Amino acid sequence: MNPDVIVPVILCGGSGTRLWPLSRTHYPKQFLRLVDEFSLLQNTLRRLEGLAGLGVAITVANENHRFLVAEQLLEIGLKADILLEPAARNTAPAVAAAAVHAITQGGRENSPLLLVLPSDHAIANVAAFQNAVRAAIPHARAGALVTFGVVPDRPETGYGYIRRGDIVAGGYALDCFVEKPDAETAQRYLDCGGYFWNSGMFLFRADSYLEALDRFAPGIRECATAAVAGDRHDLDFVRLDHAAFVASPSISIDYAVMEKTDRGVVIPLDAGWNDIGAWDALAALGLADAQGNTRRGDVLSIDTHDSVLLSEGRLLATIGVSDLIVVATPDAVLVADKSQAQEVKTLVEELKRSSRSETEFRHIVHRPWGSYEGVAHGPRYQVKRILVKAGASLSLQKHHHRAEHWIVVKGTALIVRGDESLLLSENQSTYIPLGVVHRLENPGRIDLEIVEVQSGSYLGEDDIVRLQDTYGR
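Conventions we followed
- Residues numbered from 1 in each chain as written.
- Predicted model: local features only at pLDDT ≥ 70, side-chain atom pairs only at ≥ 80, totals over all residues.
- Heavy atoms only, no water.
- 1 Å grid on protein atoms, 1.4 Å probe; cavity = no way out; pocket = protein on both sides within 12 Å on 5 of 7 lines; lining within 4 Å.
- Points joined across faces, edges and corners; volume = space filled by probe spheres on them.
- Helix = DSSP H or I, 4+ residues; strand = E, 2+ residues; numbered from the N terminus.
- Nonpolar A, V, L, I, M, F, W, Y, C, P; charged D, E, K, R; others polar.
- Buried < 20%, exposed > 50% of the residue type's maximum accessible area, 1.4 Å probe, protein only.
- Patch = residues over 30% accessible without salt bridge, like charges linked within 9 Å, V, L, I, M, F, W, Y side chains within 5 Å.
- Areas by Shrake-Rupley, 256 points an atom, 1.4 Å probe, with all protein chains shown as cover.
- Salt bridge = Lys/Arg side-chain N within 4 Å of Asp/Glu carboxyl O.
- Pairing = 2+ DSSP bridges.
- Axes fitted to C-alpha atoms, helices over the stretch in contact; angles between N-to-C directions.
- Contact = heavy atoms within 4.5 Å.

**Student:** Outline the layout of surface pockets, supporting the account with residue identities and numerical values.
**Tutor:** Over the atoms, a rolled probe matching the size of one water molecule traces out where space is still vacant. What the second largest pocket holds in volume is close to 1300 Å³. Lining of the second largest pocket is provided by 38 residues; of these, Phe361, Val365, Arg367, Tyr372 and Glu461 occupy positions nearest its centre. Only helix H2 (66-75), strand E20 (364-367), strand E21 (370-378) and strand E22 (381-388) provide two or more residues apiece to the lining of the second largest pocket. Looking at the lining of the second largest pocket residue by residue, the class counts come to 16 nonpolar, 10 polar and 12 charged.

Shown next, in the form of structure tokens:
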């Protein structure tokens, strides 16, 4: 691998709990389409188009999100190495594993530049972002650890700050990191002009980062090296060795390296950066209408101002309100004062303590073969709409506690039911008795849609005994 190659390292581990009820544990913020028709993850990769010397990207993701990452990359026609973390260990170990993987892929005598990017941020001015990356390249190539400092436009108390040092070409030496300030201190930072918001984006040579870990946090490098050495390939994914990776300390790049290095450089970034940390941040993305309302979905508003109004499916109507957040999904509705947007995280924590399923999955649950959507449920029954992609199939399975009725509404279904094999077309149906081995497959070229009615004493997703599975679950 040419050492001038830039390998994007996309960190996909965020949860985005402040964006509930759209963001869920199994469908977090980075996969949401909040700004346009592309998800935040997809836009993170799309904004790199046009940068010279780009290599194959590396995404570091939670195992539970692996098929979401693969599907969203496929949608935009990009390939990437998808590293799967056995457990969350913060950014320093994740990037260490990516660095070792990148060097290993290119031959150990070479060390590419790593452009480390969170997957859940928005940037309005792509040209300015790319210019900042270009300004950082000479410093990173020379061995510096470069971070990008967002030029602040307001006294923000929700971000950490970076204090700049002496001027260097295109930026500044990194003086120090500063924790989130109070309002008075944040105003002072803005007035003096010597501080930037900490963006969490970096550029450095893979070997420079690993050498810094050797100096400041050697245990992280040792664990990352062992995790990559013991990795195994599973379909399109690279599973890092479980025991080695979970043995790593859990710590951020900032704490592990950037706050300690004397080789830090900060490049100013003035590109309309937004981490979309809560619902009120959408107003800063230029999506608001003349009344200051940010609207998405089937929304009708009368005499409504400065509100965030989003609906997935049902009509959302407001009259005579202002400064509200209203987000309606098929299974939950959030109503909050905009000034309390950060408290959504507290609400989610309370829901989790109550073991509410609304924090885990969206109403549409994505699987490698397609998706399913809950339509109705009650005591001893539930109804789902199931979509199976062309050429895809579910696992060969059985259930101990439920029976199922399947009705084909679109496409063609090839069904294994015990010793039988059935080919059903639109408006045909079949019954799967409790305990009978079965499989659903789409042999056609268009999506298969069926309505499934489940009935039984227990209807949880863990009542699946997989006998054969294409996806290794």
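**Student:** Kindly report on unusual backbone geometry, identifying the contributing residues and their values.
**Tutor:** Most peptide bonds take the trans configuration, and most residues that are not glycine carry a negative phi. The linkage connecting tryptophan 20 with the following residue, proline 21, adopts the cis geometry, with an omega of 10°. By secondary structure assignment, the location of proline 21 is in the loop between strand E1 (6-11) and helix H1 (40-46). Residue asparagine 90 is not a glycine yet carries a positive backbone phi of 70°. With respect to the helices and strands, the residue asparagine 90 is situated in the loop between strand E3 (80-85) and helix H3 (91-106). In this structure asparagine 90 comes out as partly exposed when scored by relative accessible area, which is 38%.

**Student:** Could you give me a rundown of a nonpolar patch on the surface, with the residues and numbers involved?
**Tutor:** On the surface, a nonpolar cluster with roughly 420 Å² of combined accessible area is contributed by Leu300, Ile302, Leu315 and Ile319. Within the secondary structure, isoleucine 302 sits in strand E15 (residues 299-302).

**Student:** Let's hear about the sheet that holds strand E19 (residues 332-337): which residues, and what values?
**Tutor:** Here 4 strands make up an open sheet; going across it, the order is E14-E16-E18-E19 and the pairing mixed. In the strand order of this sheet, the two ends are held by strand E14 (294-296) and E19, each with one partner. Going across the sheet, the axis of each strand differs from the next one's by a mean of 5°, ignoring polarity. Pairing of E14 with strand E16 (residues 308-311) involves 3 bridges; the strand directions are parallel. Note on E16: the bridge partner recorded for arginine 296 is leucine 310.

**Student:** Please give an account of the environment of aspartate 447 that cites residues and values.
**Tutor:** Topologically, aspartate 447 is positioned in the loop between strand E28 (438-441) and strand E29 (448-456). Classification of aspartate 447 as partly exposed rests on a relative accessible area of 30%. In this structure the C-alpha to C-alpha distance between aspartate 447 and alanine 206, which are 241 residues apart in sequence, comes to 43 Å. Look past the residues within four positions of aspartate 447 in its chain and what remains in contact with it is Leu387, Val388, Lys389, Ala390, Lys410, Gly411 and Asn442.

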